[in-house]
Amino acid sequence: MTPPSSSSDPSDSSSLSVDQLVLHATDNAVSWITLNRPAALNALTRDQRERVIALLGEASADPGVRAVVVTATGKGFCAGADLRGNGPAAPAHGRVPGDVARTIRLGAQRLITAVLDCEKPVIAAVNGTAAGIGAHLALACDLVVAAEEAKFIEVFVRRGLVPDGGGAYLLPRLIGPQRAKELMFFGDALPAADAERLGLVNRVVPAGELEKTARAWAERLAAGPTRAIALTKQLVNASLDSDRTAALAAEAAAQEINMTTADANEGVASFVERRTPRYRGL
């Protein structure tokens, strides 16, 4: 699966630049971010991770972008972090307490936060295996469309590791603590159909329909009231960590802000005038 005007899949990524390993194109106000290292099942190196973070930040700031799709080429969505290209270099002073935590905070956690904090709706189009931080990258997105062949793996326990990249934060909020523990304790592969049944995935489609479905959803979002959707995203994400009083106060404040936008005025005017609204993302 490739975005508009992208290059073909490389079989050898050693000589490719990071902008070839993470493709980017904007089409119909949708920013397509495509992991393009299929020979490694799109395992993320440090440079690739930083490019994805930067592209998400640019999407937030660009009024010409009104939705984002994160996807990949080949048979894998993202096999996790490439430890050869992503692992922490041994400090000159030798590793001391705090080094690993700092690496995770500035690396995997920044990636997941960039998705959660992106001011545009983000769709994951999961074409294949999403493992470790790759699974968390998908699950941090606002909507998840998966090919029938896709699967999700909390691979950390297989390596004797604690889940990082926000996994222990995301999963319990999506499927509850007991289901989350089952996935994280055993590390079994979860097929797309089961992920949909549990609520981790919005829609499962045949592989040939994945791009079409993601594009249709993204373009529908891109035609919507962008600021209202951004504020809604913030409200829903924050509600999972808020009490009722804080959530209701945030809701009222968000509506106060939203009513100053051109799209809100257009939405009300189109209702009164009995016509289809024409949102501009302003």
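That block above? That's the structure.
S.K.: Is there a simple way to think about the layout of surface pockets in this case?
M.R.: Over the atoms rolls a probe the size of a water molecule, and in doing so it shows where empty space is left. In this structure, the second largest pocket encloses a volume near 650 Å³. Lining the second largest pocket are 27 residues, and of these Ala 140, Cys 141, Asp 142, Val 236 and Asn 237 sit closest to its centre. When contributions to the lining of the second largest pocket are tallied by element, the ones reaching two or more residues are helix H5 (108–117), strand E7 (143–147), helix H7 (167–175) and helix H11 (226–239). In terms of residue count, H11 provides more of the lining of the second largest pocket than any other element does, seven residues in total.

S.K.: Where do I start with the pairing of strand E1 (residues 22–27) in this structure?
M.R.: On a regular strand, one side chain projects to one face of the sheet and the next to the other, so that they alternate. In the sheet, E1 pairs with strand E2 (residues 30–35) via six bridges, with the strands oriented antiparallel. Its bridge partner lying in E2, Ala 25 is registered against Trp 32. Joining the antiparallel neighbours E1 and E2 is a turn of two residues, in which Asn 28 adopts a positive phi near 55 degrees.

S.K.: How do you make sense of the nonpolar core when you look at a structure like this?
M.R.: The nonpolar side chains of a soluble globular protein tend to be buried with one another. Leu 56, Val 68, Phe 77, Val 126 and Phe 152 are the most contacted members of the largest nonpolar core, which totals 48 residues. Non-local contacts of Phe 152, meaning those with residues more than four positions away in its chain, are made with Val 126, Ala 130, Ala 138, Leu 139, Val 144, Asp 188, Ala 189, Leu 190, Ala 195 and Val 201. Among the nonpolar cores identified, the runner-up in size contains 14 residues, and Val 30, Trp 32, Ala 125 and Ala 218 belong to it.

S.K.: What am I meant to see in empty space enclosed by the protein here?
M.R.: With the rule as written, the count across this model stands at one cavity of 30 Å³ or more. Considering the residues around the largest cavity, the lining is formed by Ala 135, Leu 139, Phe 152, Ile 153, Glu 154, Leu 171, Leu 183, Asp 188, Leu 190 and Leu 200. At the level of elements, helix H6 (133–139) and strand E8 (151–153) are the ones that each hand at least two residues to the lining of the largest cavity. Counted by class, the lining of the largest cavity contains eight nonpolar, no polar and two charged residues.

S.K.: Mind showing me how you'd approach the state of the cysteines here?
M.R.: Any covalent bond linking the sulfur atoms of two cysteines counts as a disulfide. Overall, the coordinates contain zero disulfides when judged by the stated rule. For Cys 78, which is in no disulfide, the shortest distance to another cysteine sulfur is to Cys 141 and amounts to 11 Å. With no disulfide of its own, Cys 141 lies 9.2 Å from the sulfur of Cys 118, the closest cysteine sulfur. The class for Cys 141 is buried, based on a relative accessible area of 7%.

S.K.: I keep staring at the environment of Ser 239 and nothing clicks. Help me out?
M.R.: The topology assignment puts Ser 239 in helix H11. The class for Ser 239 is partly exposed, based on a relative accessible area of 35%. Within the local environment of Ser 239, its side chain forms a polar contact with the backbone oxygen of Val 236, the two atoms lying 2.7 Å apart.

Definitions and cut-offs
- Residues numbered from 1 in each chain as written.
- Predicted model: local features only at pLDDT ≥ 70, side-chain atom pairs only at ≥ 80, totals over all residues.
- Heavy atoms only, no water.
- 1 Å grid on protein atoms, 1.4 Å probe; cavity = no way out; pocket = protein on both sides within 12 Å on 5 of 7 lines; lining within 4 Å.
- Points joined across faces, edges and corners; volume = space filled by probe spheres on them.
- Helix = DSSP H or I, 4+ residues; strand = E, 2+ residues; numbered from the N terminus.
- Pairing = 2+ DSSP bridges.
- Core = buried A, V, L, I, M, F, W, Y, C linked by side-chain atoms within 4.5 Å.
- Buried < 20%, exposed > 50% of the residue type's maximum accessible area, 1.4 Å probe, protein only.
- Contact = heavy atoms within 4.5 Å.
- Nonpolar A, V, L, I, M, F, W, Y, C, P; charged D, E, K, R; others polar.
- Disulfide = S-S within 2.5 Å.
- Polar contact = N/O pair within 3.5 Å; in protein donor to acceptor, adjacent residues only side chain to side chain.

Function-wise, these values are silent; they only describe arrangement.
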